[in-house]
Amino acid sequence: EFGRFLQLVNSPGTGAQSRLPGEDELIERLIDQWIVHTEATAARFPKPAKEDILKESERLAAQFGSADAYRARLLDLGLTAESVARNVERQIYLARYLDYKLRPAAHVESTQVEKYFREELLPKLRTRGQEAPSLESVEGQIRELLTQREISARAAKWLEETRARLRIEIAGKKNSP
């Protein structure tokens, strides 16, 4: 179900068949989710509100252009609205927990913001023929983008270190990690 949900999220509205993650990749991602979920639950981190789940589910469905196209894609993938809502809830819960856990340590310096502006944003805008905004007008957005990158990097490192301390056996696999 999670693999099919990933296909739904990764190819919204295109009708294109996205690559179904391989079994090993899915297992790795599910292990990561289990690690985060276990810690979040132990920390008594609050579940997302039903309104947040509904809003995100509706946002996902809207990317398909019409309710019929969305229902057809769900049918094609063997998903239901309930299974999508369940996966959306889990993704929101895990992302918010990681943000809560790692954002305080994610510091972005002004020099990093300026470097991103000069070396990444301006070249992209030039290739598109778009006018460059002032650094001041986009500084907050750049800072949040860089903060999210830092959180992602810290999450990857934390998960790698945590996995290394665990002994995980996968039923039915000969060479479990």
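Here the structure is a predicted model, which is why all the values come from computation and not from measurement. (Residues numbered from 1 in each chain as written. Predicted model: local features only at pLDDT ≥ 70, side-chain atom pairs only at ≥ 80, totals over all residues. Heavy atoms only, no water.)

Student: What am I meant to see in the overall build of the protein chain here?
Tutor: In terms of regular secondary structure, the protein chain is built from seven helices and zero strands. Beginning at the N terminus, the succession of helices and strands in the protein chain can be written as α-α-α-α-α-α-α. With respect to the three principal axes, the spread of C-alpha positions in the protein chain is 55 × 45 × 35 Å. The 177 residues of the protein chain split such that 33% are buried. For the protein chain, the proportion of contacts with a sequence separation of at least 24, taken over those separated by at least 6, is 76%. Once the 29 positive and 28 negative side-chain charges of the protein chain are each reduced to a mean point, those two points are 3 Å apart. (Helix = DSSP H or I, 4+ residues; strand = E, 2+ residues; numbered from the N terminus. Buried < 20%, exposed > 50% of the residue type's maximum accessible area, 1.4 Å probe, protein only. Contact = heavy atoms within 4.5 Å. Lys, Arg positive; Asp, Glu negative; His and termini not counted. Charge placed at Lys NZ, Arg CZ, Asp CG, Glu CD.)

Student: Can you walk me through the pattern of salt bridges in this structure?
Tutor: Any two side chains of opposite charge can pair, so long as their charged atoms come close to each other. For the structure shown, the criterion picks out 15 salt bridges. Where Arg163 meets Asp32, a salt bridge forms, and the shortest distance between an N and an O atom there is 2.2 Å. One end of the pair, Arg163, is in helix H7 (residues 135-165); the other, Asp32, is in helix H2 (residues 23-42), with 131 residues separating them in the sequence. Its relative accessible area of 18% is what places Asp32 among the buried residues. In this structure, Asp52 engages Arg96 in a salt bridge whose closest nitrogen and oxygen atoms are separated by 3.0 Å. Here Arg96 lies in helix H5 (residues 81-102) and Asp52 lies in helix H3 (residues 50-62), a separation of 44 residues in the sequence. (Salt bridge = Lys/Arg side-chain N within 4 Å of Asp/Glu carboxyl O.)

Student: What am I meant to see in the nonpolar core here?
Tutor: A general feature of soluble globular proteins is that nonpolar side chains tend to end up buried together. Ile31, Val36, Leu98 and Trp158 are the most contacted members of the largest nonpolar core, which has 18 residues in total. The contacts of Leu98, once residues within four sequence positions are left out, are Val36, Arg103, Ile151, Ala155 and Trp158. Membership of the second largest hydrophobic core comes to 13 residues, among which are Ile53, Leu60, Phe64 and Val88. (Core = buried A, V, L, I, M, F, W, Y, C linked by side-chain atoms within 4.5 Å.)

Student: What am I meant to see in H7 here?
Tutor: Along an α-helix, residues three or four positions apart point the same way, because every turn accommodates 3.6 residues. In a regular helix each residue adds 1.5 Å, so 31 residues correspond to 45 Å; H7 covers 43 Å between its end C-alpha atoms and thus fits that length. Of all the bends in H7, the greatest, near 30°, is centred on Gln141. What H7 keeps buried is the set Leu135, Val138, Ile142, Leu146, Thr147, Ile151, Ala155, Trp158, Leu159 and Thr162. Structurally, H7 contributes buried residues whose contacts are with H2, H5 and helix H6 (110-128). (Expected span 1.5 Å × (residues − 1). Bend = angle between axes of the 7 residues up to and from the residue.)

So far we have only geometry, and geometry alone does not tell us how the molecule works.
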